[in-house]
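Structural description and commentary
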Amino acid sequence: MKVYNSTGELAQFIGDRGEPSWFASLRNQALEQFKKISWPTLQDEEWRRTDISSFDLDALSFSVPAVAQPRVLSDSDLSSVGYAGKVEFSNGLCISLGLLGDEEKSGVVFTTLQDLLSKDTTGSSKVAKALVRGFEQSLESADNKVFRWSLSAASYGALVYIPKNHRVEKSLRITISASGDDFVTFPFVGVVLEPGAQATIEMAWEGQGGFLVNQSNFFSVGDGANLSYTQIQKTGDEVVVFTNGKSQVERDARFRHFEAILGGGFVKNRIDSSLLGPGSDLELDGIYFADKERHIDLRTVQHHKSHHATSNAVYRGAVADEARVIYQGLIEVSPEAHGTDAYLSNKNLVLNDGAKADSIPSLQINTDDVRCSHGSTTGKLRADQVFYLMTRGYSRSQAQETLILAYFQEVIGRVHESLQDEIYSLLFDQISGIKADLKG
Amino acid sequence: MNLEIQNLQARVEETEILKGINLSIKTGEIHAIMGPNGSGKSTLSNVLMGHPNYEVTGGEVLLDGENLLEMEVNDRANRGLFMAFQYPVEIPGITVGRFMKRVIEIRAAAKAELRGEDPEMSKPTGFVKYLRDTMDFLEVDQQFINRYLNEGFSGGEKKRMEVLQMLMLKPNFAILDETDSGLDIDALKVVSKGVNKMRGPEFGAIIITHYQRILDYIKPDYVHILYKGKIVTSGGKDLVQVLEDKGYDWVKAQYGIVDEEES
Ligand SMILES: Nc1ncnc2c1ncn2[C@@H]1O[C@H](COP(=O)(O)OP(=O)(O)O)[C@@H](O)[C@H]1O
Ligand SMILES: [Mg+2]
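Described in the following lines is the structure provided in the data block.

**Overview of the coordination of the magnesium ion (ligand 2)**
Tetrahedral metal sites with four donors have an ideal angle of 109.5 degrees; octahedral sites with six donors have ideal angles of 90 or 180 degrees. Around the magnesium ion (ligand 2), the protein contributes the donor atoms S42 of chain B (OG) and Q86 of chain B (OE1), at 2.1 to 2.2 Å from the metal centre. With S42 of chain B in helix α1 (residues 41–49) and Q86 of chain B in the loop between β6 (81–84) and β7 (91–95), this residue pair connects regions lying 44 residues apart in the sequence.

What follows is the structure, given as structure tokens:
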């Protein structure tokens with residue numbers, strides 16, 4: 001295993017990797033961009049409520065594990081768990097990987113970043129080209145140092161490529177985990193759907209320890225394609241997470257992005273989505289829960305660059321103890337995007353005094369003939385509902401738990417069916433762990 | 001079982017509402033409480049169930065000799081007390097089916113615990129059929145099983161949902177707070193059918209109403225008239241007719257009630 005001790009060693013890290021030049025040059029571009037700016041501060045609008053000054057980000061070490069062959073998952077391994085493909089990373093190392101044989105024959109690529117780089121030295125494959133485009137577009141939208149950092153150092157991750165008009169019926173599952181203290185890890189998820197393709201992807205983050213995750217995701221959804229992506233955050237309370245996602249949704253395409261932030265002690269995520277063609281349809285949904293002294297800051301961007309596109313963001317959170325949650329949602333409508341239909345809704349449940357929720361929706365509309373609206377509410381548990389359930393025999397805590405779950409139910413109903421139970425039970429575990437005396 | 005209400009006084013936000021209620025109910029009996037709007041009918045119901053907004057300022061309520069007013073709301077429920085709400089709350093996110101199942105499970109566990117048995121072993125069986133049969137009996141469409149509790153229900157549908165819960169839970173004492181209000185005659189008949197089905201030696205009820213209509217279908221054993229937080233008179237079934245014929249003004253005159261100056 002090779003260890004690098006600071007951001008000052010990024011150039012050396014890139015040099016050591018011996019990657020083909022088509023990819024190394026992207027990293028170097030990201031590194032140049034990284035060096036140009038300083039870490040976000042409370043003066044930056046998006047980071048106004050998330051103070052990272054106490055983290056010494058430059059001094060965090062990162063490492064490249066010795067290469068090992070992942071366990072290959074067979075068709076029957078995959079069928080037994082109901083996935084079309086599955087990949088698992090632990091501490092930066094791919095430990096298992098598999099894709100159904102039929103999918104592979106159809107041209108689906110489900111692989112790791114390392115694997116692609118070792119096989120395509122010239123960058124001429126469709127997947128490589130798509131990766132370059134995705135990387136460049138990500139870099140273009142990477143207006144902060146954290147994002148640029150993740151792009152320059154992205155050292156492992158999953159790549160998904162679905163060829164034209166091909167539909168992958170079962171889900172693809174990506175699991176990433178880490179353990180240990182005082183390091184940063186840089187996973188990458190890149191997804192490309194060619195026109196008319198369809199896929200469902202699940203990504204789960206697990207693990208415990210005082211480490212930092214700096215992840216970047218890229219989604220390209222071609223004309224008429226349909227992508228559903230869900231990320232579930234289930235790491236422990238000491239984990240710090242930064243995720244920057246960028247998506248491009250083309251004509252008549254549909255993209256659903258769902259995040260369930262039910263773990264992590266300090267989370268700052270962003271998903272920035274562009275609607276590039278008429279008829280494109282974007283759905284950005286999420287649930288989040290924070291207790292103790294956790295901090296969750298989520299941002300969504302629905303950027304309408306084309307006319308006649310539709311987008312919707314529905315985020316719902318709850319906060320207890322001394323925790324703080326922030327949701328920032330932006331709907332941006334370019335001058336040419338007439339006929340836009342965009343909606344944004346955020347609700348927060350504040351479970352006790354001392355917990356805090358901020359909701360910051362904003363609209364930037366640069367054309368007429370649009371339908372845009374946003375709504376946000378912050379409330380407490382309702383005493384009349386608690387009373388009602390208690391008259392039916394529920395104890396106070398059963399009533400409160402039930403009402404918190406019910407509050408999330410509508411949004412959980414929007415996630416892909418195969419994941420609803422997993423998310424529900426995670427949420428249940430989180431809620432039953434609330435220490436504070438709840439109001440209501 | 002018996003429920004003894006003795007000189008019960010209660011207030012809401014500094015206003016005295018109940019001014020000394022005395023009432024004794026045994027299982028097997030149906031009591032009707034009639035009174036005009038604002039007389040304190042819902043306050044009495046809510047105080048009996050333990051609503052946190054109502055403060056008891058005097059008197060006692062005993063359930064088989066035990067101090068009801070010191071019990072948690074759910075303990076009251078698990079010992080057999082039930083209230084059909086005048087205005088049932090909507091709870092989006094919980095389907096009727098899921099809710100009813102949980103209610104039945106919680107009740108089975110609570111009863112097992114009261115008997116000193118292991119509540120874990122008390123899983124009820126045959127729930128789905130029980131729910132479906134009860135819904136059929138009350139002429140409630142089975143599709144309601146998958147709807148969120150009371151969300152978007154009409155007034156009548158909400159009231160049926162209350163009676164459905166009563167039939168499923170089989171309480172020993174039920175308080176029906178204006179369950180008849182706002183119902184058309186068909187709905188009224190269905191609701192009455194529900195209450196009449198419960199009638200028997202193990203069941204007592206307080207039917208709260210300000211119309212006599214429902215009492216044509218559910219014949220009460222006793223009738224009480226509540227006026228400004230006090231029971232001004234009690235009697236048998238015939239009192240319903242007297243009230244119907246003569247109105248609340250007669251009650252006022254008859255029992256020497258003087259309206260206080262509005263301050
Ligand atoms: N939550 C409350 N806050 C203030 N006043 C209330 C509240 N609930 C009831 N009251 C008052 O108490 C009196 C009795 O109300 P209620 O018990 O609802 O009467 P009823 O059910 O007989 O119509 C009314 O004057 C009403 O305005
Ligand atoms: Mg009332």
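Moving on from the model shown.
**Considering the interface of chain B and chain A**
Between chain B and chain A, the residue contacts involve 32 residues of the former and 20 residues of the latter. The contact between chain B and chain A buries some 2200 Å² in all, and 63% of this surface belongs to carbon and sulfur atoms. In this assembly, chain B and chain A are joined by one salt bridge. Notably, a salt bridge pairs R392 of chain A with E162 of chain B, separated by 2.6 Å at the nearest N-O pair. Elements supplying a minimum of two residues to the side of chain B that touches chain A: α1, α2 (73–78), β6, β7, α3 (96–114), β8 (148–149) and α5 (155–169) of chain B.

**Comments concerning the pairing of strand β5 (residues 93–99) of chain A**
Consecutive residues of a regular strand have side chains that alternate between opposite faces of the sheet. Residues and elements named next belong to chain A. Most of β5 sits out of view: five of its seven residues are buried. In the sheet, strand β3 (residues 71–72) pairs with β5 via two bridges, with the strands oriented parallel. Within the sheet, the bridge partner assigned to R71 lies in β5 and is S96. Judged from the six bridges that link them, strand β4 (residues 83–90) and β5 form a sheet pairing that is antiparallel. For E88, the partnering residue across the bridge sits in β5 and is S96. Counting the residues that bridge the hairpin from β4 to β5 gives two residues, and of these N91 lies at a positive phi of roughly 45 degrees.

**Considering the sheet that holds strand β12 (residues 230–235) of chain B**
All names here are of chain B. The sheet built from six strands is open, its strands ordered β6-β9-β10-β3-β11-β12 with mixed pairing. Since the sheet does not close on itself, it has two edges, and those belong to β6 and β12, each with one partner. This sheet shows a mean twist of 20 degrees between the axes of neighbouring strands, independent of strand direction. Pairing of strand β3 (residues 30–34) with strand β10 (residues 204–209), which is carried by five bridges, proceeds in the parallel orientation. Counted as the bridge partner of I33 is I208 from β10.

**Details of the site of ligand 1**
Residue and element names in this part refer to chain B. Around ligand 1, the surrounding shell consists of V12, E13, I17, P36, N37, G38, S39, G40, K41, S42, T43 and Y54. Note that an oxygen atom of ligand 1 is positioned 3.2 Å from one of the backbone N or O atoms of S39. Out of a free accessible area of 560 Å², ligand 1 has 63% covered by protein chains. If one sorts the elements of the shell around ligand 1 by residue count, α1 sits on top with three residues. For the shell around ligand 1, the residue count by class is four nonpolar, six polar and two charged.

**Remarks on the packing of aromatic side chains**
Using the criterion set out here, one finds 25 aromatic pairs over all chains in the structure. Taking the centre distance of 4.8 Å and the plane angle of 50 degrees together, the rings of Y388 of chain A and F85 of chain B count as tilted. Of the two residues, Y388 of chain A sits in helix α8 (residues 383–391) while F85 of chain B sits in the loop between β6 and β7, which places them in two different chains. Across the pair, exposure class does not vary: Y388 of chain A and F85 of chain B are buried alike. Ring pairing ties together the aromatic residues Y4, F13, F34, W39, F62, W149 and F186 of chain A, which thus form one cluster. The aromatic ring of W47 of chain A is capped on one face by K268 of chain A, whose charged end is 5.0 Å from the ring centroid. Looking at K193 of chain B, its charged tip hangs above the ring of F137 of chain B, at a distance of 4.5 Å from the centre.

What counts and how
Residues numbered from 1 in each chain as written. Chains lettered and ligands numbered in written order. Predicted model: local features only at pLDDT ≥ 70, side-chain atom pairs only at ≥ 80, totals over all residues. Heavy atoms only, no water. Donors = N, O, S within 2.8 Å, 3.2 Å for Na, K, Ca; no water. Helix = DSSP H or I, 4+ residues; strand = E, 2+ residues; numbered from the N terminus. Contact = heavy atoms within 4.5 Å. Buried area = accessible area lost by both parts, 1.4 Å probe. Salt bridge = Lys/Arg side-chain N within 4 Å of Asp/Glu carboxyl O. Buried < 20%, exposed > 50% of the residue type's maximum accessible area, 1.4 Å probe, protein only. Pairing = 2+ DSSP bridges. Axes fitted to C-alpha atoms, helices over the stretch in contact; angles between N-to-C directions. Near = heavy atom within 4 Å. Polar contact = N/O pair within 3.5 Å; in protein donor to acceptor, adjacent residues only side chain to side chain. Areas by Shrake-Rupley, 256 points an atom, 1.4 Å probe, with all protein chains shown as cover. Nonpolar A, V, L, I, M, F, W, Y, C, P; charged D, E, K, R; others polar. Phe/Tyr/Trp six-rings, centres within 6.5 Å; stacked < 30°, edge-to-face > 60°. Lys NZ or Arg CZ within 6 Å of the ring centre and 35° of its normal.

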